[in-house]
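# Report on the structure
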Amino acid sequence: MKKEKIFAANWKMYLTPQQAVELTKQASAALSSLANKHGSTIILCPSFSSLVLIQPIITPTPLLLGAQNCSPLAPGAQTGEESVATLKELDCSHCIIGHSERRANGYDTNESVAQKAKALLTSNITPIVCIGETLAEFQSHKTKDVLKSQLAPLFSLASLETGKQQLYIAYEPVWAIGTGLIPEKNYLTEIFEWLTTLCSPYFATLSYKLLYGGSVKSTNVNELVSINQIDGFLIGSSSLDFQEFEKIVDYCY
Ligand code: PGA
């Protein structure tokens, strides 16, 4: 039997609050029935300004709310930042951190991502930690070295007292994001098996899941879902088309 899957919709900076509300209203009934039917975890991650508007729409449904970033610091004098306490008050159950679009802009480093993960775990919000190599790193066979160094500061979190906490690691090759390209199945299988072996000893007391992200579509998800170690998907542009997003969720079962 196939295991329950996780689907996180990363709406990036594509939508205004009004557009995000419209999309949520259009999609929530069908996505909720898919979540109930398959027992899948479906997380909507709009931009900060939309969180407060989406929260009341999805509270009565099985859909979950996620943010796209957070500050690692306690509430205080941090202009332009959002605290974990704010995310908690808005009922965010998840938060994407370390997305390659933020790492590329210098907004996130391996160390800051670990600090953010720690702050989120302390508040029982599941971090969705993005990792992935660039095309040049992929072509020069440096993928595993890159992923290891991105994960290294995170492994020190294993010393945290953990209760019901969960952590997701989303492997997103930078060259697969928004390009329509996905890695070959053999390559992905190898990476996910390697990630499982690498992470298991460190996260023994923490429930962790491995996601894949980068050009996930209804036309390629059948192949991706056949890789055993993939627990779910982080989905960008396909999640902005709610019928395509529904197809992806449904095709996985
Ligand atoms: P994409 O984005 O599905 O549009 O490739 C994925 C992501 O950036 O999380």
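That block above? That's the structure.
Structural notes, computed from the coordinates. (Residues numbered from 1 in each chain as written. Predicted model: local features only at pLDDT ≥ 70, side-chain atom pairs only at ≥ 80, totals over all residues. Heavy atoms only, no water.)

## Focus: the pattern of salt bridges
One pass over the full model with this rule turns up five salt bridges. A salt bridge links D250 to K37, with the shortest nitrogen-to-oxygen separation between them at 3.7 Å. Here K37 lies in helix α1 (residues 17-38) and D250 lies in helix α10 (residues 242-251), a separation of 213 residues in the sequence. Using a relative accessible area of 57% as the deciding quantity, one classes K37 as exposed. The network of salt bridges with common partners includes R102, D108 and K116. (Salt bridge = Lys/Arg side-chain N within 4 Å of Asp/Glu carboxyl O. Helix = DSSP H or I, 4+ residues; strand = E, 2+ residues; numbered from the N terminus. Buried < 20%, exposed > 50% of the residue type's maximum accessible area, 1.4 Å probe, protein only.)

## So, the side chain of Q165
Mapped onto the elements of the fold, Q165 is located in the loop between α7 (143-155) and β6 (166-171). Separated by 2.6 Å, the side chain of Q165 and the backbone oxygen of L121 make a polar contact. Not counting residues within four places of it along the chain, the set of residues in contact with Q165 comprises L121, T122, N124, L206 and S207. (Polar contact = N/O pair within 3.5 Å; in protein donor to acceptor, adjacent residues only side chain to side chain. Contact = heavy atoms within 4.5 Å.)

## Quick look at the packing of α1 against α10
Axis separation between α1 and α10 bottoms out at 10 Å; the angle between their running directions is 5°. As far as their axial angle goes, α10 and α1 are roughly parallel. Across from L23, Q26, A27, A30, L31, L34, K37 and H38 in α1, the residues of α10 making contact are F242, F245, E246, V249 and D250. Per-class residue counts for the contact of α1 with α10 are eight nonpolar, two polar and three charged. (Axes fitted to C-alpha atoms, helices over the stretch in contact; angles between N-to-C directions. Parallel < 35°, antiparallel > 145°, perpendicular 65-115°, else oblique. Nonpolar A, V, L, I, M, F, W, Y, C, P; charged D, E, K, R; others polar.)

## Section: the site of the ligand
Not every one of the 13 residues close to the ligand is listed here, only the nearest: K12, H99, E172, G178 and S215. Contact between the ligand and H99: an oxygen atom at 2.7 Å from a side-chain N or O atom of the residue. The separation between an oxygen atom of the ligand and a polar main-chain atom of S215 is 2.8 Å. The protein chains hide 98% of the 280 Å² of surface that the ligand would expose on its own. When grouped by side-chain class, the residues that make up the shell around the ligand number four nonpolar, seven polar and two charged. (Near = heavy atom within 4 Å. Areas by Shrake-Rupley, 256 points an atom, 1.4 Å probe, with all protein chains shown as cover.)

## Structural notes on the state of the cysteines
The tally for this structure, following the rule as stated, stands at zero disulfides. Looking at the unpaired C70, the closest cysteine sulfur is the one in C95, lying at 4.2 Å. C70 sits in the buried class, given a relative accessible area of 1%. Distance from the sulfur of C252, which forms no disulfide, to the nearest cysteine sulfur (C45) is 17 Å. (Disulfide = S-S within 2.5 Å.)

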